[in-house]
Amino acid sequence: MLLPAFSAPGRFWRGNLHTHSDRSDGGLTPQEVCRRYRAEGYDFLALTDHFVGAYGYPITDTVPFREAGFTTLLGAEIHSGAMSNGELWHILAVGLPEDFQPPHAPGFAPVAGQETGPQIAARARAAGAFVAIAHPQWSGLTLEDARSLEAAHAVEIYNHGCAMGCDRADGAAIADLLLSEGRRVSLVATDDAHFTEPDHFGGWVMVKAEENAPDALLDALKRGAFYSSQGPELRAVHLDTNAVTVESTAVQTVIVQGHGSAATAVHGQSLTSATVPLERFRNSPWLRVTVIDRAGKRAWSNPVWR
Ligand SMILES: [Zn+2]
Ligand SMILES: [Zn+2]
């Protein structure tokens with residue numbers, strides 16, 4: 001079987017799902033952020049300013065910056081309640097309605113009586129959003145925290161801002177643990193760009209949809225019809241009983257990962273097609289694929305269930 005990103009009709013659209021502007025703590029206006037992403041070859045962008053009282057609970061209006069070949073999704077990074085380390089939850093919500101009811105979240109510290117993270121995430125999902133656990137390693141998120149966010153469609157497997165700003169970009173460790181508990185989460189790479197440091201154009205999603213339109217993109221995100229990248233393109237990921245075959249732009253390494261320590265790599269030069277045997281995956285109900293190119297840039301498939 002082909003993974004949904006490759007069997008779904010349409011073509012791939014490149015987008016960044018996590019971005020800030022000067023409506024919260026970003027360095028640029030919404031218009032300039034949209035201009036830069038469009039100029040860099042992105043097909044769409046979600047501006048996701050911090051949805052806290054200090055910034056007036058912004059759901060930044062990017063509709064005026066849509067034009068032929070470039071669209072936007074409305075969204076926010078929503079915050080409410082404490083994680084187990086006592087710090088405020090950070091939750092990515094893409095596809096929020098512009099009248100989404102604010103929580104009581106005045107700033108970046110939890111306050112008594114506010115909604116929990118899982119509660120505001122559930123409310124965002126019910127309002128139509130695609131919900132992702134933002135930068136788990138940066139947050140110091142525990143597995144118990146991640147487990148509690150039942151509304152999450154996805155985990156940020158890579159957050160470019162966290163890579164550049166604190167070398168805590170990883171989401172794979174916690175995502176793999178969730179997958180091994182049976183949670184069907186997708187994996188998104190994002191920029192979390194603020195344009196206050198080199199935190200932009202480093203991680204994105206490639207979403208398969210019939211048109212570059214907000215509803216079609218959102219629907220594809222929720223169905224997992226996408227992959228994530230820092231550079232390499234995935235062309236096809238095909239799962240058979242005994243092997244996974246991956247077609248991509250030229251890479252050096254193709255890895256399949258699964259439950260526990262299950263992983264198998266195929267190395268080579270300028271690989272555009274590789275077949276990875278699945279002997280080590282007998283006990284793994286799920287698999288996912290990572291490719292790594294000569295420059296060390298990765299692309300990640302969504303998990304597939306067998
Ligand atoms: Zn954040
Ligand atoms: Zn952010």
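What counts, and where the lines are drawn
Residues numbered from 1 in each chain as written. Chains lettered and ligands numbered in written order. Predicted model: local features only at pLDDT ≥ 70, side-chain atom pairs only at ≥ 80, totals over all residues. Heavy atoms only, no water. Helix = DSSP H or I, 4+ residues; strand = E, 2+ residues; numbered from the N terminus. Buried < 20%, exposed > 50% of the residue type's maximum accessible area, 1.4 Å probe, protein only. Polar contact = N/O pair within 3.5 Å; in protein donor to acceptor, adjacent residues only side chain to side chain. Contact = heavy atoms within 4.5 Å. 1 Å grid on protein atoms, 1.4 Å probe; cavity = no way out; pocket = protein on both sides within 12 Å on 5 of 7 lines; lining within 4 Å. Points joined across faces, edges and corners; volume = space filled by probe spheres on them. Nonpolar A, V, L, I, M, F, W, Y, C, P; charged D, E, K, R; others polar.

### Things to note about the side chain of H20
Part 1 of the reasoning: Structurally, H20 is set in the loop between β1 (11-16) and α2 (30-39).
Part 2 of the reasoning: Exposure remark for H20: the relative accessible area of 0% places this residue in the buried category.
Part 3 of the reasoning: At a separation of 3.0 Å, a polar atom in the side chain of H20 contacts the side chain of E77.
Part 4 of the reasoning: A polar atom in the side chain of H20 sits 2.9 Å from the side chain of D192.
Part 5 of the reasoning: Excluding its chain neighbours within four sequence positions, the residues that come into contact with H20 are D25, G26, V33, L47, T48, D49, H50, E77, D192, A193 and H194.

### Re empty space enclosed by the protein
Here the idea is plain: a probe the size of a water molecule rolls over the atoms and shows the empty space left.
Part 1 of the reasoning: On inspection of all chains with the given rule, the structure shows 1 cavity of 30 Å³ or more.
Part 2 of the reasoning: By volume, the largest cavity amounts to about 40 Å³.
Part 3 of the reasoning: In this structure, the largest cavity is lined by L3, V237, L239, V244, L287, R288, V289, S301, N302 and V304.
Part 4 of the reasoning: Of all elements in the fold, only β11 (234-239) and β14 (286-292) reach the threshold of two or more residues within the lining of the largest cavity.
Part 5 of the reasoning: For the lining of the largest cavity, the element with the highest residue contribution is β14, accounting for 3 residues.
Part 6 of the reasoning: Looking at the lining of the largest cavity residue by residue, the classes come out as 7 nonpolar, 2 polar and 1 charged.

### So, the layout of surface pockets
Part 1 of the reasoning: In this structure, the largest pocket encloses a volume near 340 Å³.
Part 2 of the reasoning: As for the largest pocket, its lining consists of 22 residues, and the residues nearest its centre are R184, S186, R223, G224 and P303.
Part 3 of the reasoning: Of all elements in the fold, only α1 (4-7), α8 (214-223), β10 (226-229) and β16 (304-305) reach the threshold of two or more residues within the lining of the largest pocket.
Part 4 of the reasoning: In the lining of the largest pocket, the residues fall into 13 nonpolar, 5 polar and 4 charged.
Part 5 of the reasoning: Within this model, the second largest pocket holds a volume of roughly 240 Å³.
Part 6 of the reasoning: Taken together, 17 residues make up the lining of the second largest pocket; nearest its centre are W138, C162, D192, H194 and E197.
Part 7 of the reasoning: In the lining of the second largest pocket, the residues fall into 4 nonpolar, 8 polar and 5 charged.

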